[in-house]
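# Examination of the molecular architecture
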Amino acid sequence: MTRRLLVVGLGNPDRGDDAVGAMIARSLAGRLPAGAALRERAGDMLSLIDDWHGYDAVICIDAAAPAGEPGRIHRLDAARDALAPDLAFASSHAYGLAEAVALARQLGLLPRDLVIYAVEGLGFEAGAPLSAPVAASLRVASERVAAEAQRLARHGAAAQA
């Protein structure tokens, strides 16, 4: 059974490593399962709740705040597990991805499957390019998200290897 899938790259393309979600999303064009939707989102992340409506599965790609290993790729099953308190998402807005997930959970609007890929960043300064460790992780992160999209489109998060 093919499921309705949305992949969303998050972040501000003009703030250093915050651009990683959008860059990974762009690299996925033409590589997602048939019928999957691909979007980029910058700004207030509470609007994600509207974006998720009508989808069986959602993958969000975002930058994570520095925690000691820039470029490290974290996978979180946000539909089943609380977001880890030690992994903060980078956001230059009042409400970020963690707040959108928490609100959607409270309102019963969380997608059945919601997987987050967060790439640990190093710098988020306005006008800065991606840091070297984050740029080096782009290909691997893109491959992981593409594989996850294939699994979610077919079977759901429980099929994750």
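None of the values given here were measured: they were computed from a predicted structure.

For the rest of this paragraph, the subject is the overall build of the chain. The helix and strand inventory of the chain stands at 4 helices and 5 strands. Its helices and strands taken in sequence order, the chain reads β-α-β-α-β-β-α-β-α from the N to the C terminus.

In spatial order, the strands read S2-S1-S3-S5-S4; together these 5 strands make up an open sheet with mixed pairing. Taken across any chain shown, the strands that pair with only one partner, and hence form the sheet edges, are strand S2 (37-41) and strand S4 (73-77). Each neighbouring strand pair of the sheet contributes to a mean axis angle of 20°, computed without reference to strand direction. Here 5 bridges tie strand S1 (residues 5-10) to strand S3 (residues 57-64), and the two strands are oriented parallel to one another. Looking across to S3, one finds that valine 8 is bridged to cysteine 60. Packed onto the sheet, helix H1 (residues 20-27) meets S1, S2, S3 and strand S5 (113-120) and runs at close to 135° relative to S3. Set on the sheet, helix H3 (residues 97-107) makes contact with S1, S3 and S5; between it and S5 the angle comes to about 165°.

By size, the foremost hydrophobic cluster in this structure holds 24 residues, and its most contacted members are Leu5, Val7, Ile24, Leu28, Ile59 and Val145. Looking at this core, the elements with two or more residues in it are S1, H1, S3, S5 and helix H4 (132-154). Ranked by residues supplied to this core, first place goes to H4 with 7 residues. The contact partners of leucine 28, leaving out residues within four places of it in the chain, are Val7, Leu38, Ile61, Ser142, Val145 and Ala146. Leu48, Ile49, Cys60 and Ala78 belong to the second-largest nonpolar core, a separate cluster that totals 20 residues.

Attention shifts here to the pairing of S2. Examined bridge by bridge, S1 and S2 share 5 bridges and lie parallel to one another. Among the inter-strand pairings, valine 7 is bridged to a residue of S2, identified as leucine 38. Considered for its hand, the β-α-β crossover made up of S1, H1 and S2 is right-handed.

Attention shifts here to the environment of arginine 31. Position of arginine 31 among the secondary structure elements: in the loop between H1 and S2. Spatially, the C-alpha atoms of arginine 31 and alanine 146 are 6.7 Å apart, while their sequence positions differ by 115 residues. For arginine 31, the contacting residues outside a window of four places in its chain are Ser142, Glu143, Ala146 and Gln150. A polar atom in the side chain of arginine 31 sits 3.3 Å from the backbone oxygen of serine 27.

Once that is clear, we can look at H1. An α-helical turn contains 3.6 residues, so any two residues separated by three or four positions project in the same direction. Of all the positions in H1, only Val20, Gly21, Ala22, Ile24 and Ala25 are classed as buried. Next to the buried residues of H1 lie S1, S2, S3, S5 and H4.

What follows is about the packing of H1 against H4. Taken N-terminus to C-terminus, the directions of H1 and H4 make an angle of 50°; their axes are 9 Å apart at the nearest point. Viewed along their axes, H1 and H4 adopt a mutual orientation that is oblique. Every pair of crossing elements has a handedness; the one defined by H1 and H4 is right-handed. Contact residues: Val20, Met23, Ile24 and Ser27 in H1; Val134, Leu138, Ala141, Ser142 and Val145 in H4. For the contact of H1 with H4, a count of residues per class yields 7 nonpolar, 2 polar and no charged.

Our next topic: the side chain of arginine 3. Within the fold, arginine 3 resides in the segment before S1. Arginine 3 gets classed as buried once you look at its relative accessible area, which sits at 6%. One polar contact links the side chain of arginine 3 to the main-chain carbonyl oxygen of leucine 152, over a distance of 2.8 Å.

The rules we used
- Residues numbered from 1 in each chain as written.
- Predicted model: local features only at pLDDT ≥ 70, side-chain atom pairs only at ≥ 80, totals over all residues.
- Heavy atoms only, no water.
- Helix = DSSP H or I, 4+ residues; strand = E, 2+ residues; numbered from the N terminus.
- Pairing = 2+ DSSP bridges.
- Axes fitted to C-alpha atoms, helices over the stretch in contact; angles between N-to-C directions.
- Contact = heavy atoms within 4.5 Å.
- Core = buried A, V, L, I, M, F, W, Y, C linked by side-chain atoms within 4.5 Å.
- Buried < 20%, exposed > 50% of the residue type's maximum accessible area, 1.4 Å probe, protein only.
- Right-handed = clockwise from strand over helix to strand, strands pointing away.
- Polar contact = N/O pair within 3.5 Å; in protein donor to acceptor, adjacent residues only side chain to side chain.
- Parallel < 35°, antiparallel > 145°, perpendicular 65-115°, else oblique.
- Left-handed = near helix turned anticlockwise from the far one by under 90°.
- Nonpolar A, V, L, I, M, F, W, Y, C, P; charged D, E, K, R; others polar.

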